[in-house]
Structure formats: C-alpha cells, structure tokens
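These are the residues of each chain, in order.
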Amino acid sequence: MSISKTYQPQEAEAKWYNYWLTNGFFKSLPDEREPYTIVIPPPNVTGVLHMGHMLNNTIQDVLIRRARMQGKNACWVPGTDHASIATEAKVVALLKEQGISKKDLTRDEFLKHAWVWKEKYGGIILEQLKKLGASCDWDRTRFTMEDDLSDAVIDTFIHLYKKGWIYRGVRMVNWDPQGKTAVSDEEVIRKEVNQKLYYINYPVVGEEAHVTIATTRPETIMADAAVFVNPNDERYLHLHGKSVYIPLVNREIPIKTDEYVTMDFGTGCLKVTPAHDLNDYELGQKHGLQVIDILNDDGSLNDLAQILVGEDRFAARKKIAVLLQEAGVLEKVEEYKSQVGFSERTDAVIEPRLSMQWFCKMDQMAKPALADVLNGDVKLIPEKFVNTYRHWMENVQDWCISRQLWWGQRIPAWYLPNGKFVVAKTAEEALEEAKQLSPDNAQLTIADLRQEEDVVDTWFSSWLWPISVFNGFKNPDGADINYYYPTNDLVTAPEILFFWVARMIMAGHEFRGQKPFTNVYLTGIVRDKLGRKMSKSLGNSPDPLALIEKFSADGVRVGILLSSPAGNDLMFDDSYCEQGRNFANKVLNAFRLLKGWEVDESLENTNQVAIDWFASRFNEALKEIEENFSQYRLSEALMATYKLVWDDFCAWYLEMIKPAYQQPIDSATYKATITFFEDVLKLLHPFMPFITEELWHDEIFGMRNERDCCIVAKMPVVGQINPQVLIEVEAVKQIISGIRNIRNSKQISPKEVLQLSLKANSAVNYTAYLPMVIKLGNIGTIDFVNEQVSGAASFMVLTDEFYIPLAENIDPVAETERLQKEMEYLNGFLKSVNAKLGNERFMQNAKPDIIENEQKKRADAEAKLKLIQDSLTALAG
RNA sequence: GGGAGCUUAGCUCAGCUGGUUCAGAGCAUCUGCCUUACAAGCAGAGGGUCACUGGUUCGAACCCAGUAGCUCCCA
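In every chain, residue numbers begin from 1 and rise along the written sequence. Going through the entries in the order they are written, you letter the chains from A and number the ligands from 1. Where totals are concerned, whole chains, interfaces and linings use all residues; where local detail is concerned, this predicted model gives features only for residues with pLDDT of at least 70, and gives and counts side-chain atom pairs only at 80 or more. Values shown for side chains rest on all heavy atoms present in the structure; no hydrogens or waters enter the calculation.

For RNA strand B, the set of nearby residues contains 47 residues, the closest of which are Gln579, Lys586, Arg592, Arg841 and Lys857. Put simply, a residue is near a molecule or strand once any heavy atom of it comes within 4 Å of that molecule or strand. Among the atoms of RNA strand B close to the protein, meaning within 4 Å, 62% are from sugar or phosphate groups. Whenever a nitrogen or oxygen atom comes within 3.5 Å of another N or O atom, the pair is scored as a polar contact, on the condition that within protein one atom can donate a hydrogen and the other can accept it, and that pairs from neighbouring residues in sequence are kept only if both atoms are in side chains. Asn744 places a polar side-chain atom, nitrogen or oxygen, 3.2 Å from a sugar or linking oxygen of RNA strand B. Put simply, DSSP marks the helices as runs of H or I at least four residues long and the strands as runs of E at least two long, and each gets a number from the N terminus on. Elements that contribute at least two residues to the surface near RNA strand B include exactly helix H10 (385-394), helix H18 (574-595), helix H20 (634-657), helix H23 (723-745), helix H25 (812-837), helix H26 (840-845) and helix H27 (848-876). A per-element tally of the surface near RNA strand B places H18 first, with 10 residues. Polar here means any residue outside two lists: the nonpolar Ala, Val, Leu, Ile, Met, Phe, Trp, Tyr, Cys and Pro, and the charged Asp, Glu, Lys and Arg; Gly therefore counts as polar. The class makeup of the residues in the surface near RNA strand B is 18 nonpolar, 14 polar and 15 charged.

So this is what it looks like as structure tokens:
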C-alpha cells in the first residue's frame, strides 16, 4: 500500500469523529476517577461559527482531550443560549419577510414561530463544532430555555425576590421609538452626526437679564427642570439662587450649581432635562429635581409639552426653532458635530427614556464573588484581568434584568387590579399570595391577575449555566451536580467577564454555596492581520469551515493556537493554518519513513547513543510542555511540542538512526523508534486529534483492539533525564552544523566526503559520538590531533578545535579576518566580565553562584582566546 | 471624565524573583540544494539603540518618574 506524500485529511476526519462517537469516548458519567469538567460558553442560537468560536472551542478541546488522556473523567458539556434580543429580532425579521407583523400576533403565536426558528437554526454551531473535532458529551447538550433551565430561572427569581434583592425601579433605557422597545447598549450604534447647537435665552425671574444656554435638542426645553452652572464659574456668581423662565411656556425653573458643568462648553450654562438625558437624569437625582417626560413611546410630544403636542421630535425641533426665533430668544445657531446613537435594528435615533424596570441588587452577592478572585480561589488567566474585575465589583451597580421582549423567561410577577403585584411561580400560587396580601383580595380570580409582560435578561439564565446543566436546581443533591460541580476550567472572552463570569460566580455562591469553576481562561479577540476586528460588514472574517476544508481541522487548530497567548488578541492570517497543515504533513512523512523500514533481527544496535539522547530530550521537552500547560500557556506548549517533533525527532533523531537507502534496520532501534513515535502521537493528540488517531491505528504499532485509541491513550509522564547526554549531543550537533556551514560557505556538495581532524581540549569524550558525526556530516575519517592543522577550514565547539583540510579552497586572509573578528568579540566580552569581577561592590553584593558563573565565563573566554591566538600565529606562519 | 494595559527582528509574540554569549522563538526574507520520509521539504545565513528621556543600582528589556503613540473597559 502506498501512502500519499501529503496528508489527505477529509476522509480521516469524518471517519474518526464517528468512531469516537460510536465508542462513546466523549461520554462521561460520574465514577471514582477525578473529574475534569468544562461547561461550554453556550453560543447564541442565532449564530454561525466564527473565528472567535474556533479559538475558544479549540482551547477547550485541547484541555479536555489532555485531561482525558491523563486518566481523568473528562466531561465537556455543550449547549446553546436563547439570546433573547438577537433571536427575537431574527424571528421578527423573518416574519416580516412572510408578511406577518409581530403586532398582529399573540405572545403564544409569536413564541411558536420562535421555537420553530430555534429548532431549525439553533443547532448549527454545535454541528459545526463537530467538524473542528470538539469532543463534547453531546448527550448532555442543554439549551437555556428548555423546561428545566427555565424553571431554574423562575425559581431563582422568586428566591431573590423573597430575599428582597429584586425590586422595581425607574431607569433610563435606550428606547427605539420605531421598534417601540428598549434595546441594550450593545445594540446602539454610535455615529458622528452633523447637528446644530441652538443658543437660547432664558429670562431671569425678576430681572431684565437673561442667561443663554446651548442645546442640540431645543424641542426638550419644555421638559427642563433646572439650569445649571459651575459653582466656580465667576461669570455666573450673581445668578446663584435665582431662577429663570423657560421660553414659550414660561415655566419657572431654578438655577443650580454643580461642578459637573463644563465651563468652556457652549455658554457654561446647562439646561437639565432629567427625563430625556442620562447625565441629566443623574444630576436630577442628585439635586432632587422634578422629572417631566414630554415624549410618547413613538417619539412624538405629549400633553406635558404644552406646545407642539403630537408632533414628532424631529419635526418639533424644526418648528420650535422658528417659534424661538419669532419670540426673539434664539441668540444664534452653530454647526456642531456629535455622537448620536442609532438602533441597530431600525436605524432610528435612540431616545434615552425613563421606564419602569426590574432590578437585582448586586452588593451582597458581589462580596463573595470578589473575594474568590482576590484570594485566588478563582484564577483569572491572564492575571491582568484581576484589576479590572476588582474595579468593577467594587463599583457594582444593580442589574437591570427586565427586557421588553417575548422570547425568554417571562417574569413571574402578577399585577392585581389595584396596581400591586405578587411574585409566584404560577397564576394559582399568585392568586393565593394575593389573597393573603389583603382581605380585600378575597374575591379575586385568576382572570383578575395580569402577568408581567417583560422577560428576564438572557444573562439571568446563563448565570446559572454551570449549575443548571447538571440539574443542580431540580435535583440539588444529584449525582451529577455533586460530582462535576465546581467545574475546572472556563474558557471565554474578556468582554463578558462582568456580564457572565462574575455573575456565574455570584450565582455559584448564592445557590450552591460554592464557586462554579477554578480557572477562567480569557481568550483574545480574533482580528485580521491588519488588526481589525473581524466583522460581517468588513467581510474580513474567513469562513471557518472553508479553512478546515483547505487546511484540515488539525491544521486550523494548530494555526489558531500558534499565535494566541491567553488574553492577547490574535492577528489571524491563513498562513498560520498553512503552517499547521505543513506540520501535519511533517508528521505524516516521519511516519512514512518508519513504515518503510525492514527489520533485520541479525543486525546489532549501533544507535544506543541516539536512543538515549532522544529519550532524555523527550522528557526534557515534556517537562517544559507540562509547565506551559500548568500556566495555561497553550501556544507555548504547542510550540514546544512542534519543535520537539520537527527539530529533535525528525531533523535530528531520525537522521541519526536512519539506515542507508533500502537497508534494513536493527530491531532494537526499530522498537525504540516506534515507541518514541507513539509517544509523539500522544503528545500531539490534543492539538491534532485526527491525524494522530489515524496513524495510531497503523499496523506498525501492532494489533490494536477496538477501544485502543489515541484519544484515550495514557499521556506520557516525565521520566529520566540524563543531562550529560543532552549537553554532549548539543555539542555534537554544533560540530555537525559547523561542518555543514563550511560546506555551504565553500560551496562543497553534501555528497562530497570530507575528512575531519579534531584537537580535543575539553573533557568531552567524543568516541561514542563519532559515528553520528561521520553520518550526519558525511565525513570519511576522523583523526585526533595534538597540533593545529594548517591550511584547513576550522571551527570551534566548546574549547575543542575542528579542522577540515581543504588546501586549495582556503583563503588565509579571510580566515585571519574571521578569527580576528571573533577575537575582538571575545575580548569585549572578557572586558565586561573582568569589569564585574574587578568591581568591589559587585563582589560584595552579588550572590556567590553569580560570581562563580562570572569566573567560569572568564576562564572559558581566556581559553578560547588563547586557541584563536594560536591559530592566528599558525596562519601567519 | 474614571480605570486597566501595551510599545522587544519585516510580522506575531516569549523573555519568571534585575545577574549565563540576554537580546530569543515561530513565520517571513536571503543563499545553496528535487541528497528516494517530506519542495507542504533539506542545509545554512542575515536581521533589533528592547518607543523616547531621565533616575535608582556594581549591574536595567526587566524597578521608578516623565514624554510620545496605541488598545481595551466603565460612564
């Protein structure tokens, strides 16, 4: 059977993914082993796989596969998030295409459509993750709006309400007057817009004077509650304590002072309209101002405006400018640029609007969540996020949990005819509650109760995720929750450190008395190579599945991990995936070499030194890789693996032991090499699951039974490291490089056999390594000499001298120059070392081992210098 | 406006508690090779005033202060 020279992944990927599934390798049930658990950050049901998911889930899969191979009971729970706002928008848009308006549907009818949509599109991402190789326990797939999880949301709402931690209150929201709904900050697109700044005179009460305010929104003057100046503004000291009339409506409002006012913006006088501006609202709260809301929910003016009633806000703006002009109070109009928010969904200008919302108190729950991170019970990786986290948690604001939507868990509050409300799980329970509230309610029936229309924020269900996926609410003492909770690692994006991570920690303490996870690995943002965020509108995001098609799943996994240190954004480029694919190809070709060997039992093993060296080198690298993993430096763990495989195993070890073309290999070397290769496959598996599994099952490894798979192979553990052999082979590699370098610079073909003379000065015994040098340097004979060899190309390794006689090719002038350059360098080096050793304060302050080291450096440099000097003398002579 | 962080080779990044020839890795570049595992490759080479300016220290990429530029988060 001939094996392709290049890796053909498509078939292997489908084959092995199915094989793993059929054999249940992703499944996890509680047992006596140590658990290792990850819950997926549930992707939105509206989403399709993007590069951020690729990064995030590759990391999770690497972690989970590694844990599985370490013998832990690895459980990766997948699922999706119902994403209220995004999904509802999608469904509304789809219905619109079908000529159906949401207004014409009942809540239940709409939800039916939404569920149909969810069933059809909601699982796309999870299916796509399978192409990446994600080894989730698919039997555990959850959805944030399925019955059990929704029950948990309702129950926890009631729990918190009874604790007094949920309340209703007024809040400024981003109102979309066209969609007639509040939208979240994330759905507001800020754009710079050309506007006009109107300067309007407000007459001062009881005086002939007036003050001039500057505003971009003259149509809101009727809602003004005060005029503010900065208390330090000397221009207006005389106005403190006075009041003014609002033009056109002649309502009297006070002049107040606050340092919030910027003196050099506009006139330094600020009209404050608490109902229609967030900053004004806060200022109003601070100073106890009246709130006058003059807008209807469609953006038109209401009766409270007194004038221009019924006009749209923008029409009103134009008209009031004329009215002000006519009244002679419009001082001037300037052009002005400022940021205006637009609704992502309707492109309407967002109106800051006060509305009654539900809130969850955060102060009590924030305490243990902050403590966990500060005392290290929950580790944020990288650590730099601890500061950000602390800052947020120390200034935490109450959480607005209501949304004016239908797709989500409906708030379990029922309003009574008298305007009061009760919170209960069902209408029946609500009725009971109501009756107990007051004897007046005795005659009420369920029909008299009206359930709150709003649903809870999606985060109010996802904050329960690590508990609810293990049925921790339905069955608080169940085997699953007791075994898997707290989970081990969470891999997510820093953008949602507060929205999600912090709240999960709060929920963990509140509902389980325990943190939800130990480590939080925060990934960076995937950007294009120009550093721009990947986005649909820029079209700069590659299609992940196309990438997999082109570079293989293994290649893409390697590519995306290579340059993604924790918390750093990664500048993604296809070339990383190409590097990954090339690496897979390298592994395949190493395999092809092994596969082609014939074993001759009668041959004696001449490669023991190489075998000993690679065994040590493997363990050394393994140790480094484990250290990288323990610090979650995945890209470095991968790079260390990459170099071990490519450089040490392929470029050095295989070349050392490789028999001549079509010659057989001895069985001891063969066996050792097969074992090494098997270990290499294991080490690679978490990064490149498909090719490793494919090769794992080849007959060169002997018979394997059905469940003997790389995915569940035992990860190698660090064994003996022989430092001496590592150091000596390092020297040998330098000798071989020296020979190759001479070939290259003298343009000597690698095929031409060269002679090597060695003048040994160091303690290294090269005898055992000479066959290696002969083979990899293509050397005929090596002789030991006691004198320098003249007319030969030379180089030095440690303090040993090597000569390759090339009489006709040697240029004594160039050689002299080379040696002088090196001598110059060494002299400089020696000077700096001597400066240290000659410095009394250095000798006093530096640690003894550092001084010793400097002394050794001096001795080495002096020895080398002497040798170079001798060579120079020889050349001159 | 408040907070956090970044600046090291052409690019992406390591560089731990200041002390090896500490200035590194991968990719890219250049040179020479189709040497039967691999041209998706092999061998070799070049490349940096560690943003700038001061300070602390026997010694600074690393500590401190300032300057410039960039990024993110909160309002």
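Resuming the write-up.
In terms of residue burial, strand E14 (residues 351-360) counts as a mostly covered element, since 8 of its 10 residues are buried. Summarising the sheet, strand E5 (residues 166-176) and E14 pair through 10 bridges and their orientation is antiparallel. Bridged to Arg168 within E14 is Trp358. Pairing between two strands requires that DSSP report at least two bridges joining them. Direction of pairing for E14 relative to strand E16 (residues 399-400): antiparallel, over a ladder of 2 bridges. Note on E16: the bridge partner recorded for Phe359 is Cys400. Here's how the labels work: a residue is buried when its accessible area is under 20% of the maximum for its type, exposed when over 50%, partly exposed in between, all with a 1.4 Å probe on protein chains only.

Moving on: a negative patch on the surface. On the surface, Glu428, Glu429, Glu432 and Glu433 cluster together to form a negatively charged patch. Residue placement: Glu429 occurs in helix H11 (residues 427-437). Taking the relative accessible area as the measure of exposure, Glu429 reaches 43% and is therefore partly exposed. Patches in this entry comprise residues that are over 30% relatively accessible and not in a salt bridge; like charges within 9 Å are linked, as are nonpolar side chains (Val, Leu, Ile, Met, Phe, Trp, Tyr) within 5 Å. Note that accessible areas follow from Shrake-Rupley with a 1.4 Å probe, and for residues the cover is restricted to the protein chains shown. When a carboxyl oxygen of Asp or Glu lies within 4 Å of a side-chain nitrogen of Lys or Arg, that pair is called a salt bridge. By the counting rule applied here, Lys and Arg register as positive and Asp and Glu as negative, while His and the ends of each chain are not counted. Here the site of a charge means atom NZ of a Lys, CZ of an Arg, CG of an Asp or CD of a Glu.

So, on to the side chain of Thr273. Mapped onto the fold, Thr273 is located in the loop between strand E12 (269-272) and helix H7 (278-287). By relative accessible area, Thr273 is classed as buried at 3%. In terms of polar contacts, Thr273 uses its side chain to reach the side chain of Lys271, at 2.9 Å. The contact rule is simple, with two residues in contact once any of their heavy atoms fall within 4.5 Å. Ignoring anything within four residues of it in the chain, the contact list for Thr273 reads Thr220, Ala223, Asp224 and Asp280.

A few words now on the packing of helix H19 (residues 608-630) against helix H21 (residues 667-684). Running from N to C, H19 and H21 cross one another at 10 degrees; their axes reach a closest spacing of 11 Å. Overall, the two elements H19 and H21 adopt an arrangement that is roughly parallel. Every residue of H21 that contacts H19 at Ile611, Phe614, Ala615, Phe618, Leu622 and Ile625 is listed here: Thr669, Ala672, Phe676, Asp679, Val680 and Leu683. Of the residues assigned to the contact of H19 with H21, the class counts are 10 nonpolar, 1 polar and 1 charged. Fitted lines through C-alpha atoms serve as axes, helices being fitted only where they are in contact, and the angles separating the N-to-C directions of these axes extend from 0 to 180 degrees. Should an angle lie under 35 degrees it is considered roughly parallel, over 145 roughly antiparallel, and from 65 to 115 roughly perpendicular; all remaining angles are considered oblique.

Moving on: the confidence of the model for chain A. Interpreting fine coordinate detail is not advised for predicted regions of low pLDDT. Scored between 0 and 100, pLDDT is the confidence that the predictor attaches to each residue. Mean pLDDT over chain A stands at 89; residues scoring 70 or higher make up 97%. Here the complex is predicted with pTM 0.89, and the ipTM for its interfaces comes to 0.94.

Attention now goes to the side chain of Lys118. For Lys118, the position within the fold is in helix H4 (residues 107-121). Overall, Lys118 belongs to the buried group, its relative accessible area being 13%. Setting aside residues up to four positions removed in sequence, Lys118 forms contacts with Val45, Gly123, Phe143 and Trp407.

Looking now at the sheet that holds strand E20 (residues 450-451). Reading across the sheet, the 3 strands line up as E19-E18-E20 and stay open at both edges, with antiparallel pairing between neighbours. Where the open sheet ends on each side, the last strands, each with one partner, are strand E19 (421-423) and E20. With 3 bridges connecting them, strand E18 (residues 413-415) and E19 associate as antiparallel partners. Paired with Trp414 across the bridge in E19 is Val422. Against the sheet, H11 makes contact with E18 and E19, and its axis sits at roughly 125 degrees relative to E19, the strand it touches most.

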